Amino acid sequence: MQRMSWAMQRQSYLPWGSWTQLRRSLSGSRGTRSVYLCAASVPGAAGSYFLRKVPRASDIALPRGCVRYQGGSQEHSVQPSSSRHGLSQLRNVASSDAIKKHQKSLSAWFSHQPNEERQFGPSFSLDAVHVDPVIRESSLEEILKPSPDLTIQNQLQQPCSQVIGLQNLFDVDACGRQVKNVVLYGTVGTGKSTLIKKMVVDWCHGRLPRFELVIPFSCEDLSHSHAPISLRRLITKKYQHLRDVVPMLGASNLKVLFILNGLERLNLDFCLAGTELCCDPNEPVPPSAIVVNLLRKYLLPEASIIVTTRPSAVRRIPGKYVGRYAEICGFSDTNLQKLYFQMRLSQPGCSGENSAGSSSGEQENLVEMLSRNLERHNQIAAACFLPSYCWLVCTTLHFLYFTRTVPPSQTLTGIYTSFLRLNFSGEVLDSTDPTNISMMKYVAKTVGKLAYEGVMSRKTCFSEDDLQQCFEVEMKTESELNLLEVFRSDVFRFFLTPCVQPGKEHTFVFTIPAMQEYLAALYVVLGEKKTLAQRVGKELSEVIGKVSEDVAVVLNIISKVLPLRFLPVLFNLLKIFPRYFSRLSGKDRDAIAHTMAEELFKEEDYYNDDVLDQINSSILGVEGPMRHPDEAPDDEVFELFPIFMGGILSRRNRAILEQLGCSIKNLAAFEIAKAMKKTVIRNSRKGLPPSELMDYLFFLHEFQNERFTAEAIRSLRTVNLSSVKMTPLKCSVLASVMGTTCHEVEELNLTSCNLDTSSLRILFPVLLRCKALHLQLNSLGSDACKEIRDLLLHDKCVVSNLRLYFNDISEDGKQVLHSLRMDRDGVRALVFLTAGTDVSDYWSNILNVVQRNLPFWDRERVQQHLALILQDLESSRRQTANPWRKAKFLRVESEVKKMLGKLQHGTL
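This structure is a prediction, so every number in the text was calculated from the model and none was measured.

Focus on the overall build of the chain
Argument step 1. Within the chain one finds 38 helices and 17 strands.
Argument step 2. The buried share of the chain, reckoned over its 908 residues, is 56%.
Argument step 3. Surface exposure of the chain reaches about 38900 Å², of which carbon and sulfur atoms provide 50%.

See the structure below:
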């Protein structure tokens with residue numbers, strides 16, 4: 001009792017009203033947002049001091065009668081004379097080598113970017129490009145009250161009067177009391193970890209002079225140790241450079257800031273019976289007790305503390321120990337989203353090492369298209385409310401546009417898997433729950449189920465009833481309901497967001513459409529979609545196969561899996577254990593393989609773009625082909641679903657998912673691939689439409705299994721990609737997939753594919769192996785002639801039939817290619833209808849091919865080219881004096897005029 005009484009006195013000394021107000025040393029005031037010309041709210045790196053994601057935060061309610069403090073209006077600095085000697089000593093300490101070494105060490109660590117950042121673009125430092133998310137001052141009452149309806153208006157419109165800058169978090173509160181403890185909270189993906197990293201880096205570079213020493217701790221690290229340790233030992237163990245500074249803690253007026261990141265990982269007990277008082281930095285106590293006593297202001301009461309956490313754990317700290325609650329609201333201002341994209345995508349060298357100066361125009365055009373799409377306040381703006389998704393959008397665009405040569409391991413599935421690792425690696429849903437289920441595993445079981453059911457029913461919008469049926473139908477225990485509550489407050493908005501379509505404001509869609517297909521694929525591949533017999537079969541076949549055939553042992557195992565009423569039924573099956581259950585488990589793998597193959601080759605007549613173009617459209621808002629008004633919306637084409645299933649089975653993605661608590665066994669991946677191979681090869685032989693063939697090639701690239709790809713590609717003798725817009729990425733995918741074998745291709749049709757000279761360079765190894773090569777209606781100019789000539793004269797070239805007409809090739813270029821003859825060079829080159837002052841020998845072949853392919857080619861472009869051909873024929877006829885040649889020109893002109901007239905009148 002005496003000790004408690006003394007503790008109460010100590011608490012009365014807390015400097016709520018008596019501590020002097022610190023002069024604001026940072027520019028800006030409440031309502032402003034900091035913008036740094038630097039990289040970006042990349043989700044936290046693996047192995048950093050902080051966890052990847054930490055969610056929400058709020059503020060204490062203001063007592064009645066208090067006048068709200070207007071930031072910037074009071075800047076009094078009172079320095080008692082008795083503290084002058086202490087201030088002098090502080091200056092000496094602040095300039096000491098120990099703190100300088102500490103700053104250098106922290107800067108090197110917190111400026112470090114994850115591998116994913118370096119893999120998909122130039123490595124940016126937090127000192128170079130960064131946009132601070134919106135921070136809103138809140139209160140405990142706001143945190144505890146029921147959440148309002150999640151509409152797009154709630155997300156994208158925050159009251160400006162509540163916005164507070166990061167540099168103002170420790171300003172005095174509305175009642176003039178000095179704030180010492182700040183709780184910064186935010187849901188997954190709002191940018192909390194990156195913001196704290198930026199705060200540490202700013203201090204290291206002298207941009208946070210309010211504090212003379214910053215000491216960051218990861219609560220995840222602290223949660224792994226329960227052995228007693230003193231605060232001073234804890235600091236020096238992690239930061240050896242502070243050995244000479246630590247003894248001064250508590251003995252001087254050193255302005256110290258402790259950062260405790262990821263409080264949800266610690267189970268704190270603020271009751272005196274649970275956590276005893278400790279005011280001595282040298283006294284060994286459990287790490288959780290150190291945190292509690294720091295927050296109590298019983299240990300180092302002069303120190304400032306900022307705690308970051310997810311919303312579900314905010315209430316673990318009693319309100320009386322919190323001076324300010326602040327919620328990270330992400331990029332709730334669309335101007336911040338546009339600024340982020342402009343900085344990120346306009347960085348020098350963003351388009352890769354081999355980018356030319358002309359690529360800057362491509363970058364500017366990309367930023368402009370994305371900006372216009374955001375201005376429409378459509379679903380992409382709602383998704384980019386989370387800075388993490390801004391990173392995903394930029395990474396995807398970099399993959400689609402700025403990757404001139406695709407490395408073997410760079411895939412779209414890899415981007416999404418890495419994105420989830422950056423946000424969820426090491427995270428458990430609730431540290432207080434005994435199951436200790438990983439957050440990603442819980443998401444795969446619940447959100448994955450919703451995603452899969454939506455894919456199967458061709459559905460992207462979900463009502464409240466849909467969510468309840470998915471999340472609550474099997475919730476039976478208190479533990480399950482607690483986990484669901486934590487998921488709702490911390491993770492829900494990361495995956496699901498309010499729909500922005502008129503009339504659907506109270507329904508939900510996946511934050512980015514492709515995420516629904518990824519989670520649906522993960523749900524299936526993890527085997528969560530199983531019947532009871534399959535589920536039991538998989539578990540028992542693995543366990544029973546390792547134990548004796550003793551009936552008692554087997555019954556003991558079964559009783560833990562099934563209710564007792566099922567035992568008589570299964571008792572007769574003991575003689576065929578484990579072979580029976582292995583067959584059931586195998587059926588599950590067969591079902592996965594069948595689903596992948598069937599979905600892969602499901603033709604969507606109303607939307608013929610391949611999946612890469614669909615992704616591009618969903619981000620940039622590009623108009624797609626016209627569709628029937630009664631058909632489903634464009635975003636309900638689920639062609640990525642089987643592609644993601646294949647990509648998830650790749651070795652690299654399975655290794656990452658293993659870190660997230662989602663295990664896919666090697667044997668399961670092997671058997672799924674084996675079961676799928678026959679179906680895939682059989683369907684590919686049927687002759688797929690060009691867009692579906694591109695999807696098939698993309699699937700094989702994502703699968704990242706060279707042996708599987710080689711067997712599937714050997715059966716492909718004719719490759720028709722006519723009218724598919726072959727971007728550098730698609731050319732690289734085609735080259736990568738076809739490069740797994742060396743067989744000759746009978747025909748490669750790349751008509752009207754937007755090919756240019758750089759495309760030919762990427763495809764060069766593939767073109768060498770093609771006997772018949774169609775390159776009509778592309779963007780091949782005079783500079784392409786050298787590439788084509790080098791191709792045709794290559795000693796390994798097997799091309800015997802080349803078609804470059806309807807390209808902007810100069811006369812010199814045509815002459816160079818026309819000089820190649822079948823009888824001499826083994827190549828028949830169909831370049832143009834004219835050959836100097838004569839008609840090409842292949843003019844009839846060219847016109848026949850044009851007429852045969854008009855249903856598939858761009859008619860307007862063909863019409864333009866025919867008009868130019870007609871002019872060329874007339875010009876060449878006037879130049880020749882040979883009457884036989886003139887007659888030949890007139891004959892060809894007549895055929896071209898006839899075809900052109902039918903095109904203009906729509907009769908062809």
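Overview of the nonpolar core
Argument step 1. In terms of nonpolar packing, the biggest core is built from 153 residues, with L420, F424, F487, F495, L519 and L721 touching the most fellow members.
Argument step 2. F211, L257, A303 and Y321 belong to the second-largest nonpolar core, a separate cluster that totals 71 residues.

A closer look at the sheet that holds strand 3 (residues 135-138)
Argument step 1. If you walk across this open sheet you meet the 6 strands as 3-8-4-7-6-5, and the pairing is mixed. The open sheet has two edge strands, strand 3 and strand 5 (213-218), and neither has a second partner. Each adjacent strand pair in this sheet contributes to an overall mean axis angle of 20°, direction not counted.
Argument step 2. With 5 bridges connecting them, strand 6 (residues 256-261) and strand 7 (residues 304-309) associate as parallel partners. Directly across from L257, in strand 7, lies its bridge partner S304.
Argument step 3. Contacts from helix 7 (residues 192-204) reach strand 3, strand 4 (181-185), strand 5, strand 6, strand 7 and strand 8 (324-328) within the one sheet, and its direction differs from that of strand 6 by about 155°.
Argument step 4. Along the sheet, helix 10 (residues 287-295) contacts strand 4, strand 6 and strand 7; its crossing angle with strand 7, the most-contacted strand, is approximately 120°.

Some details on unusual backbone geometry
Argument step 1. Of note in this structure, K297 is not a glycine but carries a positive phi near 65°.
Argument step 2. Among the secondary structure elements, K297 is positioned in the loop between helix 10 and strand 7.
Argument step 3. Relative accessible area serves as the criterion here: at 6%, K297 is assigned to the buried category.
Argument step 4. A positive phi is found at N754, a non-glycine position, where the angle reads about 60°.
Argument step 5. Among the structural elements, N754 can be located in the loop between strand 12 (745-749) and helix 32 (757-767).

Procedures and definitions
Residues numbered from 1 in each chain as written. Predicted model: local features only at pLDDT ≥ 70, side-chain atom pairs only at ≥ 80, totals over all residues. Heavy atoms only, no water. Helix = DSSP H or I, 4+ residues; strand = E, 2+ residues; numbered from the N terminus. Buried < 20%, exposed > 50% of the residue type's maximum accessible area, 1.4 Å probe, protein only. Areas by Shrake-Rupley, 256 points an atom, 1.4 Å probe, with all protein chains shown as cover. Core = buried A, V, L, I, M, F, W, Y, C linked by side-chain atoms within 4.5 Å. Pairing = 2+ DSSP bridges. Axes fitted to C-alpha atoms, helices over the stretch in contact; angles between N-to-C directions. Contact = heavy atoms within 4.5 Å.

Everything listed here is a matter of geometry and, on its own, says nothing about what the molecule does.
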